[in-house]
Amino acid sequence: MIVTAPVRLVRDRPTWLVYLQLGVFATYLYGLSAALPLLRIDQGLSQAVAGLHGTSMAVGGILTGLALPRLTARIGRRAVIWTGMAGMSAGTFLVAAAPTVLPATLLGYGVASGMASLTMYTGMASLDDRHGPAGPAAISEANAVCVIVGIGVPFVVSVAAQSTLGWRAALVVPTVLTVLLALFMGRVRVPERPAAAETGPVSPGMDAAPGVDASPGVDASPGDGARLGRRFRLAGIVLFCCVAAEFCFNLWAAKLFSDRTGLSPAVAATAVAAFTAGMAAGRLAGAWLALRIAPTVLFIGALLVAATGWGVFWLSTEPAFSYAGLALSGLGVALHFPMALSRLLAVSGGRRNQATAIASIITSVALGVGPFVLGALADGFGTRTAFLLVPALIGAALAGLLIGTAGDAPALSRSSPSRSRRRSS
C-alpha cells in the first residue's frame, strides 16, 4: 500500500453549502425511487411501463449534460447549482401533483433528474477545484452526506404513505429544503472557473497525466475543436462500469437475495438497506482514507473489496451471509463513483466543466443500460447467472484503471501542489 503525507480537508462555508445541496439532492433521488412502487399501484402500471420512469431519468440527465458546459460558461457555477435545485424541486412537485397522469409523472421524473444532475456535477467540480489534493476526500464526503440522507428518505415516504397526507406529501421535501437552504446560505459563493478559461485555447490531443493539469485554468467548450485524451476516455469507461455496477446492486440485489435465501420479496427488500448502510460507512471512511492513501491505490482496493463482497453474496444461501456480502459490497462500491469522478476530472486537462458534463451523460447512460442488460439476461438465464454481469463490470473498471495508469508514476501520487494553491477564496 502506498501511503502519502496526510492532506488537510478544510470544511469552509462554500464546502458545507455544496454538502447540504447534495443532501437535498438525495431527498429527490431516494424519494422518487421509494415512491415508484406506490406510483405504479396508483397508476395501475405493469413493471415494464413503470420502468419507463427510470428511462426518463436517464434521458433527462443526458440532455442537461449536453447543455452543462455552455450553461456554466454563460451563467456561472453558482447560478447553475441553484437553477438545478429549483428545477429538481419543480420535477418532484409535478410528480406529487399529478400522480395518476402517466405523461406528467414521466416528465416530472425526467425534469427532476436532469436538473438535479446540474446541481450534483457542478457541485462536485467546485469541490474538486476548491480543495486541490483533498478533492477526492471532499467528493467522497459529499457522497457520504447523500447516502446518509438517502437512508432516511424511504422511511419518510413510508410514514407519509401510512398517514392521511399520503405518500405524495414526502415529495414536497426537496422543495421545502431548497427554500430553507436558499434563505440561510443563498449568499455563499462556490468556486467559479475564470470566464476566459471557458473558451481559452486548448492543445488538440491534450492528454494530461492523472492529477496534473496540463493546461491550468482551461475549460474548453465542446465546440472549440479540443480533444480529450486517451486517459480521459479510459476514465470515462471506468466511470460507466462503476455506475452500472452500483445500480445493478440497487435494483436487482433484493431479487437475488429472495431467490437464494427463500425469504419473501417484502423481507428481501431489506437487502438494499444492508447495501446502502455499507455504502454510508464506506464513504465516511473513504473521506478519511483519501487524505492518506494515493487515489489510484485506494480505488483499486475499493474495486477488490466490492468484488469480494459480491462473491460472498452470490455464493451464499444463508440470510446472514447474504446481508454480510451486500454490506461488504456496499463498502467497496461506496468509493467507486467518487474516485471515478475524481479521476475523470484529474485527467481532463483542466477542462472540468466539460468533464463534468460528460460525466453526467456517462452516468445517465450507465443508469439506463446496466440494470436493463442485467434484467434482460435474467429473463433468459435467471437472476443468479445474470448477476455475473456485476463482477464483469468491476473487472472492466479495474482493467481500465490499470491501463490508464500503466507506466505513469504520477498516477499513484497526489495532485501537483500547484492545484492546492489554485483555490478560490
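Below is a summary of the structure that appears in this document. (Residues numbered from 1 in each chain as written. Predicted model: local features only at pLDDT ≥ 70, side-chain atom pairs only at ≥ 80, totals over all residues. Heavy atoms only, no water.)

Digging into the overall build of the protein chain
Which entries qualify depends on this criterion: Comment: elements are numbered from the N terminus, with helices defined as DSSP H or I runs of at least four residues and strands as E runs of at least two. Accessible area is worked out with a 1.4 Å probe on protein chains only. A residue is then buried under 20% of its type maximum, exposed over 50%, and partly exposed in between.
Along the protein chain, the regular secondary structure elements total 17 helices and 0 strands. Counting across all 425 residues of the protein chain, residues that qualify as buried make up 56%.

Some thoughts on a nonpolar patch on the surface
To be explicit about the condition: Patches were defined on residues exceeding 30% relative accessible area and lacking a salt bridge, with like-charge contacts within 9 Å and nonpolar side-chain contacts (Val, Leu, Ile, Met, Phe, Trp, Tyr) within 5 Å. Per-residue accessibility takes into account occlusion by the displayed protein chains alone, with areas from the Shrake-Rupley method and a 1.4 Å probe. The term salt bridge refers to a side-chain nitrogen of Lys or Arg lying within 4 Å of a carboxyl oxygen of Asp or Glu.
Where nonpolar side chains cluster on the molecular surface, the patch consists of Val176, Leu177, Val179, Leu180, Leu183 and Phe184 and spans about 590 Å² of accessible area. Secondary-structure assignment places Val179 in helix α7 (residues 173–185).

Focus: the nonpolar core
One broad trend across soluble globular proteins is that nonpolar side chains are buried collectively. As a reminder of what qualifies: Buried residues of nine kinds, namely Ala, Val, Leu, Ile, Met, Phe, Trp, Tyr and Cys, make up a nonpolar core once their side-chain atoms join them within 4.5 Å. Contacts between residues were defined by any pair of non-hydrogen atoms, one from each residue, lying within 4.5 Å.
Core analysis: the biggest nonpolar cluster contains 108 residues, and Tyr28, Phe249, Leu326 and Phe387 have the highest contact counts within it. It is helix α8 (residues 230–261) that provides the largest number of residues to this core, a total of 15 residues. Those residues in contact with Tyr28, other than ones at most four positions away along the chain, are Met57, Met88, Thr92, Ala112, Ser113, Ala116 and Pro174.

Concerning the pattern of salt bridges
Summed over the entire model, instances satisfying the criterion amount to 4 salt bridges. Between Glu141 and Arg11 there is a salt bridge whose closest N-O contact spans 2.7 Å. Of the two residues, Glu141 is situated in helix α6 (residues 135–161) and Arg11 in the segment before α1 (13–43); the sequence distance between them amounts to 130 residues. For Glu141, a relative accessible area of 14% puts it in the buried group. Note that Arg130 is salt-bridged to Asp12, the shortest N-O span being 2.6 Å. With Arg130 in helix α5 (residues 102–131) and Asp12 in the segment before α1, this residue pair connects regions lying 118 residues apart in the sequence.

Some remarks on α1
What counts is decided by this rule: Helices are assigned an expected span. That span is 1.5 Å times one less than the residue count. Note on bend: the value at a residue is the angle between axes fitted to the seven residues ending there and to the seven starting there.
Here α1 is 31 residues long and its end C-alpha atoms lie 43 Å apart, about the 45 Å a rise of 1.5 Å per residue gives. Of all the bends in α1, the greatest, near 40°, is centred on Leu36, and the proline Pro37 appears no more than four residues after it. Positive backbone phi, approximately 65°, marks Gly44, located one or two places after α1.

Considering the layout of surface pockets
Using the following cut-off: Only protein atoms enter the 1 Å grid used here, on which a cavity is any set of points holding a 1.4 Å probe that cannot leave and a pocket is any open set flanked by protein within 12 Å on both sides along at least five of seven lines; residues with an atom within 4 Å of a point are listed as lining. Grid points are joined across faces, edges and corners, and a volume is the space filled by probe spheres set on the points.
What the second largest pocket holds in volume is close to 160 Å³. In this structure, the second largest pocket is lined by Gly282, Ala285, Gly286, Leu289, Leu298, Gly301, Ala302, Val305, Leu331, Gly332 and Leu335.

Here's the deal with the packing of aromatic side chains
Rules: Only the six-membered ring of Trp is used, alongside the rings of Phe and Tyr, when aromatic pairs are assigned; centres must lie within 6.5 Å, and planes under 30 degrees apart are stacked while those over 60 apart are edge-to-face, with the rest tilted.
Taken as a whole and judged by the stated rule, the model has 8 aromatic pairs. Consider the rings of Trp310 and Trp314, whose centres lie 5.2 Å apart with planes at 20°: the pair is stacked. Here Trp310 and its partner Trp314 are both found in helix α11 (residues 295–315), 4 residues apart, which amounts to about one turn of the helix. Each of the two residues, Trp310 as well as Trp314, counts as buried. With centroids separated by 5.8 Å and ring planes inclined at 70°, the aromatic side chains of Phe313 and Phe387 adopt a geometry described as edge-to-face. Of this pair, Phe313 sits in helix α11 while Phe387 sits in the loop between α15 (383–386) and α16 (389–405), placing them 74 residues apart in sequence.

A few points about the packing of α11 against α16
As a reminder, the rule being used: Helix axes are fitted only over the stretch in contact, all axes being lines through C-alpha atoms; the angle between N-to-C directions runs from 0 to 180 degrees. Angles are sorted into four bins: roughly parallel if under 35 degrees, roughly antiparallel if over 145, roughly perpendicular if 65 to 115, and oblique for all others. Take the far helix as your reference; a near helix turned counterclockwise from it by less than a right angle gives a left-handed crossing, and one turned clockwise gives a right-handed crossing. In this count, Pro and Cys sit with the nonpolar residues alongside Ala, Val, Leu, Ile, Met, Phe, Trp and Tyr, while Asp, Glu, Lys and Arg are called charged and the others, Gly among them, polar.
Between α11 and α16, the shortest axis-to-axis distance is 10 Å and the interhelical angle comes to 165°. Classed by the angle they form, the pair α11 and α16 counts as roughly antiparallel. In the crossing of α11 with α16, the sense of the turn from one axis to the other is left-handed. Where α11 approaches α16, its residues Thr296, Phe299, Ile300, Leu303, Leu304, Ala306, Ala307 and Trp310 are matched on the opposing element by Val390, Pro391, Ile394, Ala397, Leu398, Leu401, Leu402 and Thr405. When its residues are assigned to classes, the contact of α11 with α16 shows 14 nonpolar, 2 polar and no charged.

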